[in-house]
Amino acid sequence: MATQEHIPPGEAETRLQWNAALERDLLWDGVFFFGVRSTGIYCRPLCPSRRPRRNQVRFFSVTNAAEDAGFRPCLRCKPTDVAPPGPVRLVHLVCMLMEQDTEASRTLTTVCDRIGVGPRTVQRAFQRTLDVTFQEYVGALRLQSFKALLHGGSIVTDALYQAGYGSSSQLYSDTHSLLGMTPSDYRRGGQGLSVDYALMEYGERLVAAAATPQGVCALFLGSSALELKNALRQEFPNARVSEDSGTLLERLQAGLISLGATNQVPGLPDSAQNLALRHRILKALQPSSASVPA
Ligand SMILES: [Zn+2]
């Protein structure tokens, strides 16, 4: 894929590039180049050459920019031969950065600044590989963080804030609809609530959807019924959990049919693929009038 929208990385972002150059990280190949002032040569991050001191280095997101600045291509790593990263590697890189980042910096602008790639390219790459928008992916990541914080015993307002929701009452009710229960009930492991679940095969995997009368409260992907039931009991240790063979099962079946077949994408981390797929299934399970907030 041609990435036409390369923009030069800002000084604040070059720490990542420098670490990638020190580690000769393949993931960053074609994403940036570094020029060495003392030699007048520019290289790919994976170049085997010895690394100069940091203050000798300048970073470029395209080879033309390095050459305009007076650098010549390295004969060992041949920077002019490398193609820009395709959508899979771009998404891998973005997902990795967002795993490491604080919630507040998971924005399209921040991510694009860090890797020197334009927002349209990142958006297209997410759609093509994970079939979700960047914003949907961030929303799923935020919900996952929020749940983990509540599960770990954080108080609700702290968890909202730390997960990146802010802490207004509107957000409280939004998260309520995402959790199928109040955040406080979720924090108490579903104490006093009835949670139904339905299991269904989906490709080579099993999906478990869990719901309270207020809505879907969890979705799990796994390889065996035992694994999924254990995950469910762990998430709602204090709820009355029982298998549903009625409407939830029908909704799950209809939702999975509407999604069609989904294949694993080679080269992308399972965690990112599972997060995106869970989001897509959750979306398919929502009543048509509702939407999954990003
Ligand atoms: Zn080189």
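In this text, all values refer to a predicted model and were calculated from it rather than measured experimentally. (Residues numbered from 1 in each chain as written. Predicted model: local features only at pLDDT ≥ 70, side-chain atom pairs only at ≥ 80, totals over all residues. Heavy atoms only, no water.)

A. The pairing of strand β6 (residues 205-212), seen in detail. Of all 8 residues in β6, 7 are buried; the element is thus mostly enclosed. In the sheet, strand β5 (residues 194-202) pairs with β6 via 7 bridges, with the strands oriented antiparallel. Of the residues in β6, the one forming a bridge with Y197 is A210. Linking β5 back to β6 in an antiparallel pair, the connection comprises 2 residues, with G203 at a positive phi of about 60°. Bridging between β6 and strand β7 (residues 215-222) involves 7 bridges; their strand directions are antiparallel. Paired with A209 across the bridge in β7 is L219. Here β6 folds back onto β7, and the loop between the two strands holds 2 residues. (Buried < 20%, exposed > 50% of the residue type's maximum accessible area, 1.4 Å probe, protein only. Helix = DSSP H or I, 4+ residues; strand = E, 2+ residues; numbered from the N terminus. Pairing = 2+ DSSP bridges.)

B. Representation of the nonpolar core in the model. W28, M98, I115, V122, F126, F134 and Y137 are the most contacted members of the largest nonpolar core, which has 43 residues in total. Among the elements of the structure, α1 (14-23), β1 (33-36), β3 (57-60), α3 (87-100), α4 (108-115), α5 (119-130), α6 (134-151) and α12 (270-285) are those that each provide at least two residues to this core. A per-element tally of this core places α3 first, with 7 residues. No fewer than three residues from each of domain 1 (11-81) and domain 2 (136-257 + 267-285) sit in this core. Residue contacts for F126: discarding those within four places in its chain leaves V91, V94, C95, M98, D131, V132, T133, F134 and Y137. Counting 28 residues, the second-largest nonpolar core is a separate cluster that includes L160, A208, A239 and V241. (Core = buried A, V, L, I, M, F, W, Y, C linked by side-chain atoms within 4.5 Å. Domains from an automatic or database assignment. Contact = heavy atoms within 4.5 Å.)

C. Seen up close, the pattern of salt bridges. Inspection of the entire model under this criterion finds 5 salt bridges. The salt bridge involving D131 is made with R280; its shortest N-O contact spans 3.2 Å. Separated by 149 residues along the polypeptide, D131 in the loop between α5 and α6 and R280 in helix α12 bring together distant segments of the chain. Between K147 and E235 there is a salt bridge, with its nearest N and O atoms 3.2 Å apart. Here E235 lies in helix α10 (residues 225-235) and K147 lies in helix α6, a separation of 88 residues in the sequence. The class for K147 is buried, based on a relative accessible area of 15%. Note on E235: relative accessible area 13%, which makes it buried. (Salt bridge = Lys/Arg side-chain N within 4 Å of Asp/Glu carboxyl O.)

D. Up close: the sheet that holds β1. Taken together, the 4 strands give an open sheet; going across it, the order is β3-β1-β2-β4, and neighbouring strands pair in mixed fashion. Whereas interior strands pair on both sides, the edge strands pair on one side only; in this sheet they are β3 and β4 (72-73).

E. Quick look at the sheet that holds strand β8 (residues 240-243). Across the sheet, 4 strands lie side by side as β7-β6-β5-β8; this open sheet has mixed pairing. Among the strands making up the open sheet, the edge pair consists of β7 and β8. Shown here is a sheet whose adjacent strand axes are inclined to one another by a mean of 25°, direction ignored. Of the strands in this sheet, β5, β6, β7 and β8 touch α10, which is tilted by about 140° from β7. (Axes fitted to C-alpha atoms, helices over the stretch in contact; angles between N-to-C directions.)

F. A look at the domain arrangement of the protein. Per the domain assignment, the segments making up the protein are domain 1 (11-81) and domain 2 (136-257 + 267-285). Each of domain 1 and domain 2 has a C-alpha centre, and the two are 43 Å apart.

G. Inspection of the coordination of the zinc ion at higher detail. Protein-derived ligands of the zinc ion are C43 (SG), C47 (SG), C74 (SG) and C77 (SG), with the metal-ligand distances lying across 2.2 to 2.4 Å. Here the zinc ion is ringed by 4 donor atoms whose angles at the metal span 104 to 120°, and the overall shape comes out tetrahedral. Expressed as a motif, the donor residue spacing for the zinc ion is C-x3-C-x26-C-x2-C. Of the two residues, C74 and C77, neither departs from the other in class, the shared state being buried. (Donors = N, O, S within 2.8 Å, 3.2 Å for Na, K, Ca; no water. Tetrahedral: all angles 85-135°; square planar, octahedral: opposite > 155°, others 65-115°.)

H. Region of the structure containing helix α11 (residues 247-259). Compared with the 18 Å implied by 1.5 Å per residue over 13 residues, the 18 Å span of α11 between its first and last C-alpha is a close match. Along α11, the residues that are buried comprise L248, L252, G255, L256 and L259. Looking straight down α11, one finds that the buried residues subtend no more than 95° of arc, so they occupy a single side. Turned more than 90 degrees from where α11 packs its buried face, T247, E250, I257 and S258 sit exposed. Taken together, the buried residues of α11 touch β5, β6 and α12. (Expected span 1.5 Å × (residues − 1). Arc of directions from axis to C-beta.)

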